[in-house]
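Given next are the chains, with one letter for each unit.
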Amino acid sequence: MANTSISVANSKFLKSNIAKWDTADDCIAPLTERQRDSVLDLTTVVNTRIIPEHLKDEDSEFSGVKVPESGRVQKTELLDMFCTIPITNTQQFYGWFCDVQSEMERDEEQHLSHFAHQLTSFKCDCDDLLSEVESSMDQLHDLQTQYEMVSTKTSTLHQSCEHLLEEQTSLMNIAESIQSKLSYFNELDRINTKLGGQSLTVTSEGFIPMLTRLDECMSYMQSNPRYKDSSVYLAKFQHTLSRALSMIRTHVSNLLSSTTSSIQSTKRPAVNPEDTFTLYYGKFRTNSPRVKSLIQQIERRVDKNESYRQLLADCHQCYVSQREVLVEPSVSIAVQELNLKHKTDHCALVSFQFTAV
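Residues numbered from 1 in each chain as written. Predicted model: local features only at pLDDT ≥ 70, side-chain atom pairs only at ≥ 80, totals over all residues. Heavy atoms only, no water.

## Remarks on the packing of helix H4 (residues 90-196) against helix H6 (residues 230-265)
The condition is simple: Each axis is a line fitted through C-alpha atoms, taken for helices only over the stretch in contact, and angles between the N-to-C directions span 0 to 180 degrees. Per the convention used, a helix needs a DSSP run of H or I reaching at least four residues, while a strand needs a run of E reaching at least two, with both numbered from the N terminus. The scheme is simple: roughly parallel for angles under 35 degrees, roughly antiparallel for over 145, roughly perpendicular for 65 to 115, oblique for anything else. A clockwise turn of the near helix away from the far one marks a right-handed crossing, whereas an anticlockwise turn of less than a right angle marks a left-handed crossing. Residues count as neighbours in contact if any of their non-hydrogen atoms are within 4.5 Å of one another.
Running from amino to carboxyl end, H4 crosses H6 at an angle of 25 degrees, the nearest separation of the two axes being 10 Å. One way to sum up the angle between H4 and H6 is to call them roughly parallel. The element H4 and its partner H6 pack so that their crossing is left-handed. Contact with H4, carried on its side by Tyr184, Phe185, Glu187, Leu188, Ile191, Asn192, Leu195 and Gly196, involves Ser230, Tyr233, Lys236, Phe237, Thr240, Arg243, Ala244 and Met247 of H6 and no other residues of that element.

## What about the state of the cysteines?
In plain terms, the rule: Disulfide assignment relies on a single distance test, namely cysteine sulfur atoms paired within 2.5 Å. Think of it in three bands: with a 1.4 Å probe and only protein chains considered, a residue is buried below 20% of the maximum accessible area for its type, exposed above 50%, and partly exposed in between.
Enumeration over the complete set of coordinates arrives at zero disulfides. Cysteine Cys124 shares no disulfide, and the gap to the nearest cysteine sulfur, in Cys126, comes to 9.3 Å. Its relative accessible area of 39% is what places Cys124 among the partly exposed residues. Free of any disulfide, Cys315 has its nearest cysteine sulfur in Cys318, 7.2 Å distant. The class for Cys315 is buried, based on a relative accessible area of 4%.

## With respect to the nonpolar core
Spelled out, the test is: Residues belong to a common nonpolar core when they are buried Ala, Val, Leu, Ile, Met, Phe, Trp, Tyr or Cys residues joined through side-chain atoms within 4.5 Å.
Ranked by internal contacts, the top residues of the largest apolar core, which has 37 residues, are Phe207, Met210, Leu211, Phe237, Leu241, Ile248 and Ile298. The leading source of residues in this core is H6, at nine residues. Ignoring sequence-local partners within four residues, the contact set of Ile248 consists of Val202, Phe207, Leu211, Leu294, Ile298 and Leu311.

## Re the packing of H4 against helix H5 (residues 207-223)
Under the convention used in this document: Under the scheme applied, nonpolar residues are Ala, Val, Leu, Ile, Met, Phe, Trp, Tyr, Cys and Pro; charged residues are Asp, Glu, Lys and Arg; polar residues are all the others, including Gly.
Running from N to C, H4 and H5 point in directions that differ by 140 degrees, and their axes come no closer than 10 Å. It follows that H4 is oblique to H5 by the angle criterion. Judged by the sense of rotation from one axis to the other, the crossing of H4 with H5 is left-handed. Across the interface between the two elements, Lys181, Ser183, Tyr184, Phe185, Glu187, Arg190, Ile191, Lys194 and Leu195 from H4 touch Met210, Arg213, Leu214, Glu216, Cys217, Tyr220 and Met221 from H5. Classifying every residue of the contact of H4 with H5 gives nine nonpolar, one polar and six charged.

## Quick word on the confidence of the model for the protein
Rules: pLDDT is a residue-level measure of predictor confidence that goes from 0 to 100.
A residue-level look at the protein finds 68% of positions with pLDDT of 70 or above and a mean pLDDT of 77. Model confidence for the protein, summarised as mean pLDDT per element, is weakest for helix H3 (residues 75-82) at 50 and strongest for H5 at 90. In this model residues 58-75 is a low-confidence stretch, pLDDT under 50, and it forms 24 contacts with partners more than four residues away in sequence or in other chains.

## What to know about a nonpolar patch on the surface
Stated formally: Patch membership requires more than 30% relative accessible area and the absence of a salt bridge. Residues of like charge join within 9 Å; the nonpolar side chains Val, Leu, Ile, Met, Phe, Trp and Tyr join within 5 Å. What sets the accessible areas is the Shrake-Rupley method with a 1.4 Å probe; for residues, cover comes only from the shown protein chains. One side-chain nitrogen of Lys or Arg within 4 Å of one carboxyl oxygen of Asp or Glu is enough to make a salt bridge.
Together, Leu129, Leu130, Val133, Met137, Leu140 and Leu143 make up an exposed nonpolar region whose accessible area comes to about 580 Å². Note on placement: Leu129 falls in helix H4.

## Overview of the packing of aromatic side chains
Put simply, the rule is: Any two of the Phe, Tyr and Trp rings considered here, Trp counted by its six-membered ring, make a pair once their centres fall within 6.5 Å; the pair's planes then place it as stacked at under 30 degrees, edge-to-face at over 60, or tilted in between. For a lysine, the NZ atom is tested; for an arginine, the CZ atom; a charge sits over a ring if that atom is within 6 Å of the ring centre and within 35 degrees of the ring normal.
Overall, the coordinates contain three aromatic pairs when judged by the stated rule. Seen in terms of ring centroids, Phe185 and Tyr233 are 4.9 Å apart; in terms of plane orientation they differ by 85 degrees. Their pairing is edge-to-face. You can see Phe185 sitting in helix H4 and its partner Tyr233 sitting in helix H6, a full 48 residues away along the chain. According to the relative accessible area criterion, Tyr233 is partly exposed, its value standing at 24%. When the ring of Tyr220 is compared with that of Tyr227, the centres are 6.0 Å apart and the planes differ by 45 degrees; the resulting orientation is tilted. For the pair Tyr220 and Tyr227, a shared accessibility class is recorded, and that class is buried. Through a chain of ring-to-ring contacts, three or more aromatic side chains come together here, namely Tyr184, Tyr220 and Tyr227. Stacked on the ring of Tyr233, the Lys or Arg Lys236 has its end atom at 5.3 Å from the ring centre.

Now the structure itself:
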């Protein structure tokens, strides 16, 4: 009831103010001449208006006009009725104007309400979308965290693998270095095994390379005396070298002895001393290729080890001994013949000896 009283009071106050808008004494909204002409033109155009529902009882001439049951008239209907129903006084105009204004406000409010409803729906959709985006962002953040953790672990594992590979390479290099150094020590058993085999002879293809390897091992032991047992292995290598050189000495000695024996076993008639070279040296020349290569290898190694020097001297001595056995009879006969030939002429004998030398 209080609200209704306030609304009625406000309506009366509004109508009283509107009534004063064009009074001559207390005009609250004075109009210019142009504005007054416009109002007159509008009055001429809108000489008929619909009678509002609450004004039906005030003027009986409008009792025949029916208003829709809902009490609200559409804007098109109002415009149609605007030109058909006349307004005869200011009070009717004010009432009609208020009704039209209220109707327009309701229509506008309905449009705005619909628009607000759409905005609310859109806001809900945006809120849902924002919630999904936030959820997706949280999941992406979790994925990023997991990726960083996996990346860190992978990087750590990669660094560890690189470190292990470096250590492996270092250990392999050390192992190869140790193996390379140990190979000189391991050669002793291999060479002794070869020397002890029945198939190895001084004329075999592997004999000279074995001597070369034996010299390398001995040189390595002499160059690295700080290695453990290097002196012991040096003595063992020296003993093994002596065994190999003994095989060469025996081979050369047997070859020269067999050559001498074959010459001595051949019965030939007496020959002149001048033919002795052709007769005796022919056998040695035939067998010389079998000894030449060994003697050359020994001569190349004379400066490396004293054992080679001694072996070469022994081979020379053996050769001289065998030649002495063959040449001594012929030389004795030649000397005796010279003594008989120059028995009285010693000067001629000495001159011939100088010429022969």
